[in-house]
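Residue strings, one per chain:
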Amino acid sequence: MGVKIYNSLSRQLEEFLPQTEGHVSMYSCGPTVYDYIHIGNARTALVTDIIRRYLVYRGYNVKLVQNLTDIDDKIIARAETLGLSSSQLANTNGQAYFEDTQRLGIQPADVHPKATEHIPEMIDLIQTLIAKGAAYVIDGSVYYRINSFKEYGKLSRRKPEDLLAGARVEVDQRKEDPRDFDMWKAAKPGEPSWDSPWGPGRPGWHIECSSMAMKHLGETIDIHAGGEDLLFPHHENEIAQSEFATGKLFARYWVHVAFLKIDGTRMGKSEQNFIFLRDALDKYSAEIIRHFLISAHYRHPLDYSLESLQNSESALKRLNNCVDTLNKYYEATPEIEEKGNETSESTSHADADLFSSIESLQSQFTEAMDNDFNTAQAVGSIFSLVSHVNKSLNSSNGVSQYTLANAYKVLTETCQVLGIYTMNEQDTDNTTEYLDPLIELLLDIRQDARNQKDWDTSDKIRDRLKELNIEIQDTREGTSWKFVT
Ligand code: AMP
Ligand code: ZN
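If you're wondering where the values come from, they're calculated on a predicted model, not measured in any experiment. (Residues numbered from 1 in each chain as written. Chains lettered and ligands numbered in written order. Predicted model: local features only at pLDDT ≥ 70, side-chain atom pairs only at ≥ 80, totals over all residues. Heavy atoms only, no water.)

1. Considerations on the overall build of the protein
When its secondary structure is counted, the protein shows 16 helices and 15 strands. For the protein, the C-alpha atoms occupy an extent of roughly 95 × 50 × 35 Å along the three principal directions. The buried share of the protein, reckoned over its 485 residues, is 51%. Considering only residue pairs separated by 6 or more positions, the protein has 76% of its internal contacts joining residues 24 or more positions apart. (Helix = DSSP H or I, 4+ residues; strand = E, 2+ residues; numbered from the N terminus. Buried < 20%, exposed > 50% of the residue type's maximum accessible area, 1.4 Å probe, protein only. Contact = heavy atoms within 4.5 Å.)

Right, here's the structure in full:
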């Protein structure tokens, strides 16, 4: 069985079949860079990142394109308030977007096209649509004629009367039909503009994504992603423009990410209830925020709360302790990379038990992620193995070093797909490399104390280490230590 994706177009879970075997073209609607991004925006960006990472894990070659909308009404308005030019504001926030997403461990897309760098392509596409009768010009603006595209509404499944009701809120009397939308906006005094066959002006938001997606990925793309608010009218209009121009299907799979909410309301700029991603990252690590954001399946709304972040924090502590403890077994078992996940020669009951948990993680993780990228279940399967490993480490029926090394390998591989464990990040401040020798030093001092029958000192060292979740065991071969949770 392969990957299955819930396609918003068919409203069904479908087997994922890209156009070219082994290759995936993916477009994700990026931010409008008028401000920093909030953690709601980050949810959508993170889902795109994880879909891409998982498809790569499954052996696909993925090309991801994510645009930056760097010209738009909101940018113009905010730039004016701040006394900046639109391009200054967009550049600063575009840069901030890359900084913030990088801090969250989001891998950059293969291409991050900017709308303002694709004006000629947008003009070409509009000209094609005018030539085909799907657009008309009024006073230097160009409108898409919705009536020309018989399938209009196929993504949102809105009836024409609903569309009319929505469009009447702001009726431009010059339009042939209130539902028609602008692809080119005639310049207003003081606004940034570009030359065009219809006079100076700027592109509409929908034409930006149609042009940039088709320029960088071709006329038909495999996956098109965005937040659920973009389904209508943005994506419906992208389909209308692209499909009327090319006569081909624009996107094979449409993925829509449900909202991050706060107190039951969508987190958003206009709602004034947002938390900037950079502020959250000042308090919590990227892994904690990622763990929280993927704790629900992407098609389910997720509620932000301090408590959820704290839960993610303690879950990750457990994960990190476990993986860090396993690391020393992995380092001591170089043959693990060649042998892969072959079962260990030592077949104690505890060993065989843990080995079957490792295999379960591999199959459950793939099953969950194949099933429309169900990160909530995938994370659950990772933590089942963590519990089992901790039990094994704490029990006296020792499991072999080889099996523990295997557990490390599988845990790190799966965590890496989700980006929730990064190899000893503390290494950057050189603290972890001192941990082993420091504990060894304490154990030496304790041994000296025991030799002199100084039981107080010996017990004190043991008890104080226990408070730090480090347990020591005295055996005939000497004293060993491990992390416990
Ligand atoms: P914007 O900058 O408003 O165009 O949004 C950038 C991306 O973030 C779009 O794909 C939006 O759909 C998405 N988005 C905005 N608010 C939220 C939210 N509260 N939860 C999830 N995604 C969101
Ligand atoms: Zn878009």
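Next comes the rest of the description.
2. Considerations on the side chain of Asp 180
Relative to the elements of secondary structure, Asp 180 occurs in the loop between helix H5 (160-167) and strand S7 (181-186). Notably, Asp 180 is buried but unbridged: the nearest opposite-charge side chain belongs to Arg 145, and the N-O separation is 5.8 Å. A distance of 2.5 Å separates the side chain of Asp 180 from the side chain of Tyr 136, its partner in a polar contact. If we ignore the near neighbours within four places in the chain, the residues touching Asp 180 are Tyr 136, Tyr 143, Tyr 144, Arg 145, Ile 146 and Lys 175. (Lys, Arg positive; Asp, Glu negative; His and termini not counted. Salt bridge = Lys/Arg side-chain N within 4 Å of Asp/Glu carboxyl O. Polar contact = N/O pair within 3.5 Å; in protein donor to acceptor, adjacent residues only side chain to side chain.)

3. A short note on the nonpolar core
In a soluble, globular protein the nonpolar side chains are often hidden away together inside. Counting 89 residues, the largest nonpolar core has Leu 55, Leu 319, Ile 382 and Leu 418 as the members making the most contacts within it. It is helix H14 (residues 401-418) that provides the largest number of residues to this core, a total of ten residues. Residue-level mapping places this core at the junction of two domains, with at least three residues from each of domain 1 (4-280) and domain 2 (315-418). With residues near it in sequence (within four places) discarded, Leu 319 still touches Ile 382, Phe 383, Val 386, Cys 415, Ile 420 and Tyr 421. Counting residues in each nonpolar core, the second largest holds 40 residues, with Tyr 27, Trp 198, Ala 213 and Met 214 among its members. (Core = buried A, V, L, I, M, F, W, Y, C linked by side-chain atoms within 4.5 Å. Domains from an automatic or database assignment.)

4. Some thoughts on the packing of helix H1 (residues 39-57) against H14
Closest axis-to-axis distance for the H1/H14 pair is 8 Å, and the angle between their directions is 140 degrees. The angle between H1 and H14 falls in the class oblique. Residues Ile 50, Arg 53, Tyr 54 and Tyr 57 of H1 form the contact with H14, whose own contacting residues are Thr 414, Gln 416, Val 417 and Leu 418. By residue class, the composition of the contact of H1 with H14 is five nonpolar, two polar and one charged. (Axes fitted to C-alpha atoms, helices over the stretch in contact; angles between N-to-C directions. Parallel < 35°, antiparallel > 145°, perpendicular 65-115°, else oblique. Nonpolar A, V, L, I, M, F, W, Y, C, P; charged D, E, K, R; others polar.)

5. Some points on the packing of aromatic side chains
By the definition in use, this model includes 15 aromatic pairs. Aromatic pair Phe 16 and Tyr 253: ring centres 5.1 Å apart, planes at 65 degrees, arrangement edge-to-face. One end of the pair, Phe 16, is in the loop between strand S2 (12-15) and strand S3 (23-28); the other, Tyr 253, is in strand S10 (residues 251-257), and 237 residues separate them in sequence. A relative accessible area of 3% means that Phe 16 is categorised as buried. What links up through ring pairs into an aromatic cluster is the set Tyr 54, Tyr 57, Phe 365 and Phe 373. Here the guanidinium or amino end of Lys 269 rests over the ring plane of Tyr 34, the centre of that ring lying 4.8 Å away. (Phe/Tyr/Trp six-rings, centres within 6.5 Å; stacked < 30°, edge-to-face > 60°. Lys NZ or Arg CZ within 6 Å of the ring centre and 35° of its normal.)

6. Remarks on empty space enclosed by the protein
Per the counting criterion, the structure on display carries one cavity of 30 Å³ or more. What the largest cavity holds in volume is close to 70 Å³. The element best represented in the lining of the largest cavity is H1, accounting for four residues. Among the residues making up the lining of the largest cavity, the classes are represented as eight nonpolar, one polar and one charged. (1 Å grid on protein atoms, 1.4 Å probe; cavity = no way out; pocket = protein on both sides within 12 Å on 5 of 7 lines; lining within 4 Å. Points joined across faces, edges and corners; volume = space filled by probe spheres on them.)

So, to be careful, I would describe these as geometric facts and stop short of saying anything about function.
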